[in-house]
Amino acid sequence: MLRFKVGPFPVSVYPWFFLSAILLGAGNGFGWQMLAWIVVVFVSVLGHELGHAVVGRLLGGRPEIRLEAFGGVTFPQLPKRPGPARQFILSFAGPVAGLLLGVLAYGLARALPPEPESITAWMMGRFLAVSVVWAIFNLLPILPLDGGQMMLALIEGVRRRPSVALASWISIGVSLAVAGAVTRVLGRPDPFLLVWLGLFALQNFQRARAAGVHDVPPTSRAVAPQEDALERADVASAMEDTRAAVQRRDFESALAAAARLEGAGGPFRQAAALRLRAGIELARGNNESAAVFAGQSFSIWQSPDAAVVAARANLRAGAEDRARNWLRRALEAGAPLAAVRADPELGSIA
C-alpha cells in the first residue's frame, strides 16, 4: 500500500487501483502511453476525492482518502452524522472538483498549446476527458456514486426519515436504464460497462433488503433486522480461524479467512469480514488501515464491536478526537458503558 499526505489529508493507495487503471487503459499498450495513462487516472481520481476532503474539512471533519479499484472513497470523519443538506454538498464537491480540473486542463491547453502528437498533448487530452467523464459518471443517481448519495440526501430531506432502501431501489432502476441506453446508443453491448452496472445493481439489491426494515417509520416498525443462524455460524467460524491465524502471526491465512466470509455474501457477513480485517491490521500495527476497515464495517452494519475497533485503531494512530467520536457511536449502538470504562486502553477516553 502506498501512503502519503496531500496537505492535511492522509491518502492510501491500494495496488488494485493501479491494476484497474491498467484494465481501463488496455488499449494504450504497455509503453509510455500506459505510464502516462496511469498518471492521468491517478491525478484525476485524487483531484476528485480532494473535492470531498476539502468540504469535509470545512464541515469540521478530518478526512481520509483511499484510492482503490476503479476509483476512490473519502471518509470525512465528521464529528456527527451530517444532515441531508450537508451530505448533498459533501457529495457534490467531488464531481465539481473533477469538472474544475477538466476546465483547468482545457485552459492550460489553450493558453500554452503543446506540440501536436507530443506526450504533453496526449496527456492533456486524456486528462480533460477522464476528469470530465469521471465527474459526469459520478453524478448518476446510483448508490454508492456521488449522484446516488446526493439523491439519498434529497429524498431524506423531503421524507425526513431514513430512506436507504428507497434510494437503493431507484439506483437499481437507473443502473438498468443506463445499461439499456448505452447499449442502444453503441449498437452493441459493452461487457465492461454492463458488468460494472450489474455489480451496482446487485449491491443495491442487497442494500435495499438489509435497509428495508431500518427505513420503516418507528410507529409501524415491528421487527428489527437480525442476522440468521447460518450467518452467525459463518461469522463465528471465520472469527475462530482468524484468531488462530493471528496468534500464529500467519496474517495471510487470517486475511484468507476474512475473504471467504466476505465472499459468502450478505451485509452481515460483509460487515463482519471488514471488522476481522480491521482486527488483523491492528495486530500488524497498521492502525490507519484498521480504522478505515472498522469504519466501513460500521457503515454497513452498525454493530458496537465495529465502532469499538474503530475507536481503538484511531486511538493507537494518535487521533484521540476521532477515537472519542467512535466510542460515542459504540455506546449509541449498544456497547455496555461499564465494559468500555473498564477497558485498559479505551477507559481513559470514555
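First, a word on what this report is: a plain description of the structure on this page. The shown structure was predicted, so the numbers you read here are calculated from the model rather than taken from an experiment.

1. What to know about the overall build of the protein
Within the protein one finds 14 helices and four strands. Relative to the 2.2 N^0.38 estimate, which gives 20 Å for 350 residues, the radius of gyration of the protein is 21 Å and therefore close to what a compact globule would have. Dimensions of the protein, computed from C-alpha atoms along their principal axes, come out at roughly 70 × 45 × 40 Å. Taking all 350 residues of the protein together, 45% fall into the buried category. On the protein, roughly 17,900 Å² of surface is accessible, and the fraction owed to carbon and sulfur atoms is 63%. In the protein, 34 positive and 26 negative side-chain charges are present, and the distance between their average locations comes to 5 Å.

2. Points about the sheet that holds strand 3 (residues 64-68)
Taken together, the four strands give an open sheet; going across it, the order is 1-2-3-4, and neighbouring strands pair in mixed fashion. Strands at the two margins of the open sheet, each flanked by one partner only, are strand 1 (2-6) and strand 4 (71-75). Between one strand axis and the next, the sheet turns by 20° as a mean value, whatever way the strands run. Note that strand 1 and strand 2 (residues 9-13) share five bridges and pair antiparallel. Within strand 2, the residue paired with Lys5 across the bridge is Pro10. Contacting strand 1, strand 2, strand 3 and strand 4, helix 2 (residues 32-58) crosses the sheet at an angle of about 155° to strand 3.

3. So, helix 2
Here helix 2 is 27 residues long and its end C-alpha atoms lie 39 Å apart, about the 39 Å a rise of 1.5 Å per residue gives. Most of helix 2 is tucked away: 19 of the 27 residues are buried. Residue Gly60 follows helix 2 closely and has a positive phi angle near 95°.

4. Some remarks on the environment of Glu252
Its place among the elements puts Glu252 in helix 9 (residues 251-263). Linking Glu252 and Leu166, residues 86 residues apart in sequence, is a C-alpha distance of 39 Å.

5. Quick notes on the nonpolar core
The biggest cluster of nonpolar side chains holds 34 residues, and the ones touching the most others in it are Phe17, Leu46, Ile65, Leu67, Leu197 and Phe200. Where this core is concerned, the elements lending two or more residues are strand 2, helix 1 (15-24), helix 2, strand 3, helix 3 (84-111), helix 4 (119-138), helix 6 (164-186) and helix 7 (191-211). Looking at this core element by element, the count peaks at eleven residues for helix 2. Excluding residues within four positions of it along the chain, Phe200 makes contact with Phe137, Ile142, Leu143, Pro144, Leu145 and Ser175. Core analysis: the second largest hydrophobic core is formed by 25 residues, Ala290, Ala330, Ala335 and Ile349 among them.

6. Focus on the pairing of strand 3
Looking along a regular strand, one sees side chains alternate from face to face of the sheet. Burial analysis of strand 3 places five of its five residues in the buried class, the great majority of the element. Relative to strand 3, strand 2 runs parallel, the two sharing three bridges. Directly across from Val11, in strand 3, lies its bridge partner Ile65. Both strand 3 and strand 4 contribute to a ladder of five bridges, which runs antiparallel. Bridge pairing links Arg66 to Val73 in strand 4. Where strand 3 folds back on strand 4, the antiparallel hairpin that results is connected by two residues, among which Phe70 adopts a positive phi of roughly 55°.

7. What about the pattern of salt bridges?
Scanning the model with the defined rule gives 14 salt bridges in all. Residues Asp321 and Arg62 are paired through a salt bridge, measuring 2.9 Å at the closest nitrogen-oxygen approach. Taken together, the positions of Asp321 in helix 13 (residues 320-332) and Arg62 in the loop between helix 2 and strand 3 put the pair 259 residues apart, joining distant regions of the chain. Asp321 gets classed as partly exposed once you look at its relative accessible area, which sits at 40%. Here Arg62 falls in the partly exposed class, since its relative accessible area comes to 36%. For Arg312, the salt bridge is made with Glu345, and the minimal N-O distance between the two is 3.0 Å. Taken together, the positions of Arg312 in helix 12 (residues 304-316) and Glu345 in the segment after helix 14 (337-342) put the pair 33 residues apart, joining distant regions of the chain.

8. A few points about the packing of aromatic side chains
Centre-to-centre distance and the angle between the planes together describe a pair of aromatic rings. All chains considered together, the criterion is met by 14 aromatic pairs. Ring centres of Phe4 and Phe42 lie 6.2 Å apart, and the angle between their planes is 50°; on these two criteria the pair is classed as tilted. One end of the pair, Phe4, is in strand 1; the other, Phe42, is in helix 2, and 38 residues separate them in sequence. Residue classification places Phe4 among the partly exposed positions, given a relative accessible area of 26%. Following the ring pairs from residue to residue traces out a cluster consisting of Phe4, Phe17, Phe18 and Phe42. Lying over the aromatic face of Tyr14, Arg66 brings its terminal NZ or CZ to 4.3 Å of the ring centre. A cation over an aromatic ring shows up here: Arg329 above the ring of Trp326, its NZ or CZ 4.3 Å from the ring centre.

So, how was this worked out
Residues numbered from 1 in each chain as written. Predicted model: local features only at pLDDT ≥ 70, side-chain atom pairs only at ≥ 80, totals over all residues. Heavy atoms only, no water. Helix = DSSP H or I, 4+ residues; strand = E, 2+ residues; numbered from the N terminus. Rg over C-alpha atoms; globule rule 2.2 N^0.38 Å. Buried < 20%, exposed > 50% of the residue type's maximum accessible area, 1.4 Å probe, protein only. Areas by Shrake-Rupley, 256 points an atom, 1.4 Å probe, with all protein chains shown as cover. Lys, Arg positive; Asp, Glu negative; His and termini not counted. Charge placed at Lys NZ, Arg CZ, Asp CG, Glu CD. Pairing = 2+ DSSP bridges. Axes fitted to C-alpha atoms, helices over the stretch in contact; angles between N-to-C directions. Contact = heavy atoms within 4.5 Å. Expected span 1.5 Å × (residues − 1). Core = buried A, V, L, I, M, F, W, Y, C linked by side-chain atoms within 4.5 Å. Salt bridge = Lys/Arg side-chain N within 4 Å of Asp/Glu carboxyl O. Phe/Tyr/Trp six-rings, centres within 6.5 Å; stacked < 30°, edge-to-face > 60°. Lys NZ or Arg CZ within 6 Å of the ring centre and 35° of its normal.

These values are about where atoms sit, not about what they do.
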